[in-house]
Amino acid sequence: MSRYYEFFCPVKVIAGEAALEHLPYELTGIASVRPMIITDAGVRAAGLLDPVIAACEESAVTIAAIYDEVPPDSSTTIVRDIANLYRQQQCDAIIAIGGGSSIDTAKAVNILVSEGGDNIAAYSGAGVLTRPLRPFFVIPTTAGTGSEVTSVAVIADTERSVKLPFTSSFLLPNAAIIDPRMTLTLPPHITAATAMDALTHATEAYTCLAKNPLSDAYATAAIRKIGRSLLAVMDNPDDAKGRLDLAEASTMAGIAFSNSMVGLVHSLGHATGAICHLPHGLCMSLYLPYVLEYNLEDIREPLAELLLYLEGPEVWSATPASRRAEATISAIRHLRDELHHRCELPRTLRETGKVKEDQLDAIARQALDDGSIIYNPREASLKEVRSILDKAWG
């Protein structure tokens, strides 16, 4: 664990029942009266914009524009189109409602409407932005990515077939609004995959090289909530308390990994997502136990501690201290089996039906070039990464 560390999370979190109704107060507090909503068609069709619009209508806030066609992999052209709409309608703030793609898109739109121009690629990278952007609020509708509290965004440049990364503390929203009503309609397989995404964020944050006492506190709290509520929500999707647990866990895990980084699970996940177009949360679920097994001897102590948060004090105390790290991996495997049983969430690359065995070499090479691997507690060669992929193939 590093002796020197920094911890940064300036995002106001507004959470719990009726959290949405506090949004107009936040907007008027910064003199915003013409916000724009950025979302996707599925979120709008599920009626999730209704309580937001209703809350704004009851105050002096007018929703000046709604863009509801953000695709799962957003692109530079969409960012440009939305920025133009923002300017035409003379909007003065952005409200992102949705999952990772809508939030990332909104972050990129905020760069263009704040900095000017229509070439978002010019702002790609780290340290390019030098001043605060326009008012920006995030209402997540999935409980996994943690994008509402992270300072990064990824947008596809379809013309050049590359994904553009953006990193700046100025991308962080003024506030994240966590309301259990926003995730009640999530389908089972998305509930499962996004929760496994959050579990991976928290587990890697707790076991990778840049872990620190503050990120540890957020990571363990997130794992406790997921361990307590994920299967309960799978069995009873209308469980508002469980839904809030998962949403809070996603935010906590996002804060944790923003400050302590992630490792090889993410390197493999980023590569697999790029080559095979699998959803990020599913990739996290696929690789988590195999990477933990690979890292085991370097993370035995922190991994053993996680058994307490994932399975509770009875299981932890009944497990011999020397077996707790392995028991944590077994618990994660058991959780994946239960999710597979409930919603057929794939446990191996073969089960996805979208990965070909001849793609594994390319995934391994791309994973080695991914920045996350720097923070993995154990170094990995191409051969070792390929061996992990063989195990994950199934």
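Residues numbered from 1 in each chain as written. Predicted model: local features only at pLDDT ≥ 70, side-chain atom pairs only at ≥ 80, totals over all residues. Heavy atoms only, no water.

## Digging into the packing of aromatic side chains
Summed over the entire model, instances satisfying the criterion amount to one aromatic pair. With a centroid separation of 5.6 Å and 20 degrees between ring planes, the pair formed by Phe7 and Tyr218 is classed as stacked. Of this pair, Phe7 sits in the segment before strand 1 (12-15) while Tyr218 sits in helix 7 (residues 213-235), placing them 211 residues apart in sequence. Using a relative accessible area of 25% as the deciding quantity, one classes Phe7 as partly exposed. On the accessibility criterion, Tyr218 (31% relative accessible area) is partly exposed. The cationic tip of Arg324 hangs over the ring face of Trp316; the distance from NZ or CZ to the ring centre is 3.7 Å. One residue, Arg378, lies across the ring of Tyr294, its end atom 3.9 Å from the ring centre. (Phe/Tyr/Trp six-rings, centres within 6.5 Å; stacked < 30°, edge-to-face > 60°. Helix = DSSP H or I, 4+ residues; strand = E, 2+ residues; numbered from the N terminus. Buried < 20%, exposed > 50% of the residue type's maximum accessible area, 1.4 Å probe, protein only. Lys NZ or Arg CZ within 6 Å of the ring centre and 35° of its normal.)

## Examining helix 4 (residues 76-88)
Over its 13 residues, helix 4 extends 19 Å from the first C-alpha to the last, a length consistent with the 18 Å expected when each residue adds 1.5 Å. All buried positions along helix 4 are accounted for by Thr76, Ile78, Val79, Ile82, Ala83 and Tyr86. Each buried residue of helix 4 sits inside an arc of 155 degrees when the element is viewed along its axis, so together they form one side. Against the buried residues of helix 4 lie strand 2 (35-38), strand 3 (65-67), strand 4 (93-98), helix 5 (100-115), strand 7 (152-157) and strand 8 (162-167). The positive-phi residue at the C-terminal boundary of helix 4 is Gln90, with phi of around 50 degrees. (Expected span 1.5 Å × (residues − 1). Arc of directions from axis to C-beta. Contact = heavy atoms within 4.5 Å.)

## Things to note about the nonpolar core
In this structure, Leu199, Leu264, Leu268, Tyr287, Leu349, Ile363 and Leu389 are the most contacted members of the largest nonpolar core, which totals 74 residues. Residue contributions to this core peak at 16 residues, all from helix 10 (residues 280-311). In this structure Ile363 touches Leu268, Ala271, Thr272, Ile275, Cys276, Tyr287, Val355 and Leu389, once residues within four positions along its chain are discounted. Grouped together as the second largest cluster of nonpolar side chains are 32 residues, Ala96, Ala108, Leu133 and Phe136 included. (Core = buried A, V, L, I, M, F, W, Y, C linked by side-chain atoms within 4.5 Å.)

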